[in-house]
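Structural features, examined
Here is what each chain is made of, one letter per residue.
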Amino acid sequence: MKYANVCIEAFAHCLPEEIVSTESLEKRCEPLYRRLNLPEGRLEALTGIKERRLWMPGKTPGQQSILTVQKLMQQTGFDPNKIGALIHASVCRDYLEPATACSVHRALNFPSTGFVYDVSNACLGIVSGMIQIANMIELGQIEAGIVVGTESSRSLMETTIQHLNTDLSLTRKTVKSAFASLTIGSGSAAVLLAHRDISQTGNRLLGGAVHAETQFCDLCRSDTDQSGGDAMNPLMQTDSEALMKEGVAAAARCFERFLSATGWNREDIDKAFCHQVGRAHQKLLFETLGLPMELNYSTLEYLGNTGSAALPTAAALGIETGFVPSGSRVALLGIGSGINVVMLGYVA
């Protein structure tokens, strides 16, 4: 997968104001901890996540995605008439139908001649949308496009806490599959891609690779399909240890093809942004790929796992804080349940 005419124009992010500490979540799980005699501090010790954020009750993914795209457009000054595709790509969405992208597109008044639809690929939704827009640009179908997604974790957090405290059949062994749900945070991110002829930055997307290990699709699974509003009551079951092991193994199988597509060696990579899951996951990923941890920009400590928004939010924050000097060769390393791997390389 190679590109000759695509630039990553900009990343943008928005973060919720409400901060929820891991310590406070464990206190809310006190009935479970007391019944199973679990040590306090267990969740933060295992994941490295100190806190995560939540949107205010009642805010829909689409409402926040509108604000995130508006921030992106203000940040870049890009001509909205050039936007030929708008993809909404988070796990959370407003309704089963129509596509959440439709209400976002309406509010932003983008051209009526463009592509408008949703993409779903667990935590890889936004980077998967980036590939679709890059393909459209490379084929000459559009000049520029935007991928946006907003993840909302309040309902998952509340439902999980209630389940943990009331299901008396849970044991020390069976409770482990629910703990990953308490690492999820809320966030919103958007990415603008453009043809190199109209790019204002020249941040060339060189290419990348994908890999699937779908025999492991049951390692992380939610309940039946629901939209992303406050009325949903989701529960998730995650075999965190197996998902980490098999996800990193899949990433290793993808990495050599990623290097071939970009024309890089390991030593050429200057910076990296990966999906933000937990401290152990990041350590194992970079060790397995043979990359120094210093290349990574981590947000999981204060944002948790924000699903599809995690990787692009880390990129947006890293760029804002000066972590990525001009001319850096940047690797975007995405691993999501499924198991799917998406890796993209660009020059900042």
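Let me begin by describing the structure that accompanies this report. (Residues numbered from 1 in each chain as written. Predicted model: local features only at pLDDT ≥ 70, side-chain atom pairs only at ≥ 80, totals over all residues. Heavy atoms only, no water.)

**Describing the layout of surface pockets**
Of the volumes computed, that of the second largest pocket is approximately 290 Å³. Considering the residues around the second largest pocket, the lining is formed by 16 residues, among which Glu9, Ala10, Phe11, Asn203 and Ile319 are closest to the centre. When residues of the lining of the second largest pocket are traced back to their parent elements, those giving at least two are strand S1 (6–14), helix H4 (61–76) and helix H12 (310–320). The greatest single-element share of the lining of the second largest pocket, amounting to four residues, is contributed by S1. For the lining of the second largest pocket, a count of residues per class yields eight nonpolar, six polar and two charged. (1 Å grid on protein atoms, 1.4 Å probe; cavity = no way out; pocket = protein on both sides within 12 Å on 5 of 7 lines; lining within 4 Å. Points joined across faces, edges and corners; volume = space filled by probe spheres on them. Helix = DSSP H or I, 4+ residues; strand = E, 2+ residues; numbered from the N terminus. Nonpolar A, V, L, I, M, F, W, Y, C, P; charged D, E, K, R; others polar.)

**Section: the pattern of salt bridges**
Should their charged atoms come close, side chains of opposite charge can pair. For the structure shown, the criterion picks out 10 salt bridges. Residue glutamate 18 is joined to arginine 154 by a salt bridge in which the shortest nitrogen-to-oxygen separation is 2.6 Å. Separated by 136 residues along the polypeptide, glutamate 18 in strand S2 (residues 18–21) and arginine 154 in helix H7 (residues 154–166) bring together distant segments of the chain. Using a relative accessible area of 27% as the deciding quantity, one classes glutamate 18 as partly exposed. Arginine 154 gets classed as buried once you look at its relative accessible area, which sits at 15%. For arginine 266, the salt bridge is made with glutamate 256, and the minimal N-O distance between the two is 2.8 Å. Of this pair, arginine 266 sits in the loop between helix H9 (240–262) and strand S11 (271–274) while glutamate 256 sits in helix H9; the two residues are 10 residues apart in sequence, bridging distant segments of the chain. Residue class for glutamate 256 comes out partly exposed when judged on its relative accessible area of 44%. (Salt bridge = Lys/Arg side-chain N within 4 Å of Asp/Glu carboxyl O. Buried < 20%, exposed > 50% of the residue type's maximum accessible area, 1.4 Å probe, protein only.)

**Focus: the packing of H9 against helix H10 (residues 279–289)**
Two quantities define a packed helix pair, namely the angle between the axes and the distance from one axis to the other. In the contact formed by H9 and H10, the axes pass within 10 Å of each other and the chain directions differ by 30°. When the axis of H9 is compared with that of H10, the two are roughly parallel. Regarding H9 and H10, the two cross each other, and that crossing is right-handed. Between H9 and H10, the contacting residues are Met244, Val248, Ala251, Ala252 and Phe255 on the first element and Ala280, His281, Leu284, Leu285, Thr288 and Leu289 on the second. Looking at the contact of H9 with H10 residue by residue, the class counts come to nine nonpolar, two polar and no charged. (Axes fitted to C-alpha atoms, helices over the stretch in contact; angles between N-to-C directions. Parallel < 35°, antiparallel > 145°, perpendicular 65-115°, else oblique. Left-handed = near helix turned anticlockwise from the far one by under 90°. Contact = heavy atoms within 4.5 Å.)

**With respect to the sheet that holds S11**
An order of S8-S13-S12-S11 is seen for the four strands of this open sheet, with the pairing classed as mixed. With partners counted over all chains shown, the strands left at the sheet margins are strand S8 (205–212) and S11, one partner each. Each strand of the sheet is rotated relative to its neighbour by a mean of 15°, with strand direction disregarded. Set on the sheet, H9 makes contact with S8, strand S12 (329–336) and strand S13 (340–347); between it and S8 the angle comes to about 150°. (Pairing = 2+ DSSP bridges.)

**Considerations on H7**
Every α-helix winds through 3.6 residues per turn, so residues three or four apart in the chain are directed the same way. Compared with the 18 Å implied by 1.5 Å per residue over 13 residues, the 18 Å span of H7 between its first and last C-alpha is a close match. What H7 keeps buried is the set Arg154, Ser155, Leu156, Met157, Thr159, Thr160, Ile161, His163 and Leu164. (Expected span 1.5 Å × (residues − 1).)

**Quick word on the environment of histidine 195**
Relative to the helices and strands, histidine 195 is located in strand S7 (residues 187–195). Using a relative accessible area of 18% as the deciding quantity, one classes histidine 195 as buried. Separated by 115 residues in sequence, histidine 195 and proline 80 have C-alpha atoms that sit 14 Å apart. For histidine 195, the residues in contact, after removing those within four places along its chain, are Asn5, Ile137 and Glu143. Only 3.0 Å separates the side chain of histidine 195 from the backbone nitrogen of aspartate 197, close enough to count as a polar contact. (Polar contact = N/O pair within 3.5 Å; in protein donor to acceptor, adjacent residues only side chain to side chain.)

**Points about the sheet that holds strand S4 (residues 83–88)**
The five strands are arranged S1-S7-S6-S4-S5 in an open sheet whose pairing can be described as mixed. Since the sheet does not close on itself, it has two edges, and those belong to S1 and strand S5 (115–118), each with one partner. Direction aside, the axes of adjacent strands within the sheet are offset by 15° on average. Pairing of S4 with S5 involves four bridges; the strand directions are parallel. The residue of S5 that forms the bridge with alanine 85 is phenylalanine 115. Docked against the sheet, H4 engages S1, S4, strand S6 (144–151) and S7, running at close to 125° with respect to S1. Seen against the sheet, H12 touches S1 and S7 and runs at an angle of roughly 95° to S1.

**Points about H4**
For H4, built from 16 residues, the straight-helix expectation of 22 Å at 1.5 Å per residue is met to within 8% by its first-to-last C-alpha distance of 23 Å. Restricting attention to buried positions, one finds in H4 the residues Pro61, Gly62, Gln64, Ser65, Ile66, Thr68, Val69, Leu72, Met73 and Thr76. The inward-facing, buried residues of H4 contact S1, S4, helix H5 (100–108), S6 and S7.

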